[in-house]
Amino acid sequence: MTKASVKEFVFGVMPDKTVVKGFELSAGDLAATVTAYGARIQKAIFDGSSVICGFDSLEAQMKDTTYQGSTVGRYANRISDGKFVLNGKEYTLACNEEARGEHLHGGYVGFSARVWEVAGTDVTEDSASVTLKLDAADGEEGYPGALTVYVRFTVSDNSIKLDYKAVSDKDTIINMTNHSYFNLSGIGNGSILNHKLTLNCDKYVPVNDRLIPYGTLADVTGTPFDFRMGKEIGQDIDKEDEQLAIAGGYDHCFVRENGTEKAEPEWLGSIESPISGIKMDILTTEGGMQMYTGNYLTDDNPFFGTIKQTKNGAVALECNRMPDSPNQKNFPSPVLRAGDEYRQITVYKFSKKA
């Protein structure tokens, strides 16, 4: 087995001359590259196959509008009308999803569009990691509280482990995720609709035509949203269903145990390509996962310079809290109290049939 390693390099230079570092983390049969712009997983190679979408240049990352591989925050997913109430005070956030009038993925300049500091690297015989840090000011994009965030990326045991920590000096809300898009057949090698997906989720979050939750959870039984026994992602995606029609496919939060968070990461599901035989297990402390089947993945910004973006060419599997939870009393609260630590761990573990 190849010894683990961390290779640091200059990924690019921002218009203001800030140098953006990149880090190739390798261990076993897996290598993942992380860039400080947006704390992004720029690519991942497992057993010779490229399994995460990304871009070869900083310029292409900056042009990206679909959050490829990025760390999303302060609040992932949507907040209705960009407003929420905390401690009796109403806060107004930037409504950067202008067509719908919603706040999406942290605003116009969320965590995905910031250059993160390098807090350190570490390598052992069988693991390689980099820790990135970001300071978000009080009032940034409308959020209360000066927030300090750390994300540690670790490659080991053919897994990518994401370990998030954050502390605020004021009460605030937080909901972070990684927005990687996967195609386990290899990026550019066909659709993800033939991938078999299994989810340990008995409920999902129905949404209105603005993709905002109604505030209830729906049972997946007897619906296209039931992946508990495993099925191809495309098996039911074209069925007549109001929720699928609203989103143009799947763009919904799947929920286990009513969204209860775990102290340690537990298995949430798995996805497998019939072409490559590569399987990815998903373990997380989060109670939900947003699945987006690339229904509008058509940006004129080729992956790795040559691979055209196509509808259903990749799937995002975002472990996080439920959308619009600051405004939904029936959902677990996203409030982070001043001085408390936010913590989330998600693991993407790869394997291949012999």
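Summarised in this report is the structure supplied together with it. Keep in mind it's a predicted model, so treat the numbers as computed, not measured.

## Regarding the sheet that holds strand 5 (residues 49-50)
Alright, step 1. Pairing is antiparallel across the open sheet formed by five strands, whose spatial order is 1-2-3-4-5. Two strands in the sheet have a free side with no partner beyond their single neighbour: strand 1 (5-13) and strand 5.
Alright, step 2. Where strand 2 (residues 19-27) lies against strand 3 (residues 30-35), six bridges are found, and the strand directions are antiparallel. What sits directly across from Glu-24, in strand 3, is Thr-33.

## Things to note about a nonpolar patch on the surface
Alright, step 1. On the surface, a cluster of nonpolar side chains totalling about 240 Å² of accessible area is made up of Val-10, Val-13 and Val-19.
Alright, step 2. Assignment of secondary structure puts Val-19 in strand 2.
Alright, step 3. On the basis of relative accessibility, which here comes to 42%, the residue Val-19 falls in the partly exposed class.

## Describing the nonpolar core
Alright, step 1. Phe-153, Ile-160 and Phe-350 are the most contacted members of the largest nonpolar core, which totals 61 residues.
Alright, step 2. Ignoring anything within four residues of it in the chain, the contact list for Ile-160 reads Leu-30, Ala-32, Ile-41, Ala-44, Ile-52, Thr-154, Val-155, Thr-346, Val-347, Tyr-348 and Phe-350.
Alright, step 3. By size, the runner-up hydrophobic cluster in this structure holds 11 residues, among which are Cys-53, Ala-60, Ile-187 and Phe-303.

## Focus: the sheet that holds strand 22 (residues 251-255)
For sheets, the rule is that strands pair by backbone hydrogen bonds, running either parallel or antiparallel.
Alright, step 1. With antiparallel pairing, the six strands of this open sheet are ordered in space as 17-26-25-22-19-20. Edge positions in the sheet fall to strand 17 (181-182) and strand 20 (218-219), since each of these pairs with one other strand and no more.
Alright, step 2. Here two bridges tie strand 17 to strand 26 (residues 315-320), and the two strands are oriented antiparallel to one another. For Phe-182, the partnering residue across the bridge sits in strand 26 and is Val-315.

## Brief notes about unusual backbone geometry
Alright, step 1. In the segment running from Gly-73 into Arg-74, the intervening peptide bond is cis, with an omega of 5°.
Alright, step 2. Within the secondary structure, Arg-74 sits in the loop between strand 6 (71-72) and strand 7 (78-79).
Alright, step 3. Phi angles above zero are rare outside glycine, and Asn-158 is one such case at about 55°.
Alright, step 4. Tracing the sequence through the fold places Asn-158 in the loop between strand 13 (147-156) and strand 14 (159-168).

## Points about the pattern of salt bridges
Think of it this way: side chains of opposite charge can pair up when their charged atoms draw near.
Alright, step 1. Scanning the model with the defined rule gives 22 salt bridges in all.
Alright, step 2. Two residues, Asp-163 and Arg-343, come together in a salt bridge whose shortest N-O distance is 2.7 Å. Placement of Asp-163 in strand 14 and of Arg-343 in strand 28 (residues 341-352) is noted, with a sequence separation of 180 residues between them.
Alright, step 3. With a relative accessible area of 11%, Asp-163 lands in the buried category.
Alright, step 4. Exposure remark for Arg-343: the relative accessible area of 38% places this residue in the partly exposed category.
Alright, step 5. Bridged by salt links that share partners, the residues Arg-78, Glu-97 and Arg-100 form one connected network.

## Focus on the pairing of strand 25 (residues 288-292)
Alright, step 1. Most of strand 25 sits out of view: five of its five residues are buried.
Alright, step 2. Taking every second residue as pointing to the same face, both faces of strand 25 are buried, with Gly-288, Gln-290 and Tyr-292 on one and Met-289 and Met-291 on the other.
Alright, step 3. In terms of strand pairing, strand 22 meets strand 25 through five bridges, oriented antiparallel. Each bridged residue has a counterpart across the sheet, and for Phe-254 the counterpart in strand 25 is Met-289.
Alright, step 4. Sheet analysis places strand 25 next to strand 26, joined by five bridges and oriented antiparallel.

## Thoughts on the pairing of strand 23 (residues 266-272)
Alright, step 1. Most of strand 23 is tucked away: five of the seven residues are buried.
Alright, step 2. Of the strand pairs in this sheet, strand 18 (residues 196-199) and strand 23 are connected by four bridges, and their pairing is antiparallel. Within strand 23, the position partnered with Lys-196 by the bridge is Glu-272.
Alright, step 3. Note: strand 23 against strand 24 (residues 278-284), six bridges, orientation antiparallel. Each bridged residue has a counterpart across the sheet, and for Ser-270 the counterpart in strand 24 is Asp-281.
Alright, step 4. The antiparallel hairpin formed by strand 23 and strand 24 contains five residues in its connecting segment, where Gly-277 sits at a positive phi of about 80°.

## Some thoughts on the layout of surface pockets
Alright, step 1. Here the largest pocket defines a volume of roughly 680 Å³.
Alright, step 2. As for the largest pocket, its lining consists of 32 residues, of which Thr-65, Thr-66, Tyr-67, Leu-104 and His-105 are closest to the centre.
Alright, step 3. Elements with a contribution of two residues or more to the lining of the largest pocket: helix 1 (58-63), helix 2 (242-247) and strand 25.

## Focus on the packing of aromatic side chains
Alright, step 1. Under the criterion given, the structure shown has 12 aromatic pairs.
Alright, step 2. Ring geometry for Tyr-204 against Phe-225: centres 3.9 Å apart, planes inclined by 5°, an arrangement best described as stacked. With Tyr-204 in strand 19 (residues 203-204) and Phe-225 in the loop between strand 20 and strand 21 (231-232), this residue pair connects regions lying 21 residues apart in the sequence.
Alright, step 3. On the basis of relative accessibility, which here comes to 0%, the residue Phe-225 falls in the buried class.
Alright, step 4. Aromatic pair Phe-227 and Phe-254: ring centres 5.9 Å apart, planes at 75°, arrangement edge-to-face. Taken together, the residues Phe-227 in the loop between strand 20 and strand 21 and Phe-254 in strand 22 connect sequence positions 27 residues apart.

The rules behind these values
- Sequence order as written defines residue numbering, which begins from 1 separately in each chain.
- Given that this is a predicted model, residues contribute local features only at a pLDDT of at least 70 and side-chain atom pairs are listed and counted only at 80 or more, while totals for whole chains, interfaces and linings are drawn from all residues.
- Calculated side-chain values reflect all of the structure's heavy atoms, with hydrogen atoms and water omitted.
- A pair of strands is considered paired only if DSSP assigns at least 2 bridges between the two.
- Secondary structure elements follow DSSP: runs of H or I of four or more residues count as helices, runs of E of two or more count as strands, with numbering from the N terminus.
- The patches described consist of residues with a relative accessible area above 30% and no salt bridge, like charges being joined within 9 Å and nonpolar side chains (Val, Leu, Ile, Met, Phe, Trp, Tyr) within 5 Å.
- Areas reported as accessible are Shrake-Rupley estimates using a 1.4 Å probe. Residue values count occlusion only from the protein chains shown.
- By definition, a salt bridge exists where a carboxyl oxygen of Asp or Glu is found within 4 Å of a side-chain nitrogen of Lys or Arg.
- Buried means the residue's accessible area, taken with a 1.4 Å probe over protein chains only, is under 20% of the maximum for its type, while exposed means over 50%, and partly exposed covers the values in between.
- In this description, a nonpolar core means a group of buried Ala, Val, Leu, Ile, Met, Phe, Trp, Tyr and Cys residues linked to one another through side-chain atoms lying within 4.5 Å.
- A contact between two residues is defined here by any heavy atoms of the two lying within 4.5 Å.
- Put plainly, a pocket is an open set of points on a 1 Å grid over the protein atoms alone with protein on both sides within 12 Å along at least five of seven lines, a cavity is a set where a 1.4 Å probe fits but cannot get out, and a lining residue has an atom within 4 Å of a point.
- Grid points are joined across faces, edges and corners, and a volume is the space filled by probe spheres set on the points.
- Stacked, tilted and edge-to-face are the three classes assigned to paired rings of Phe, Tyr and Trp, where Trp is represented by its six-membered ring and a pair needs centres within 6.5 Å; plane angles under 30 degrees give stacked, over 60 edge-to-face, the rest tilted.

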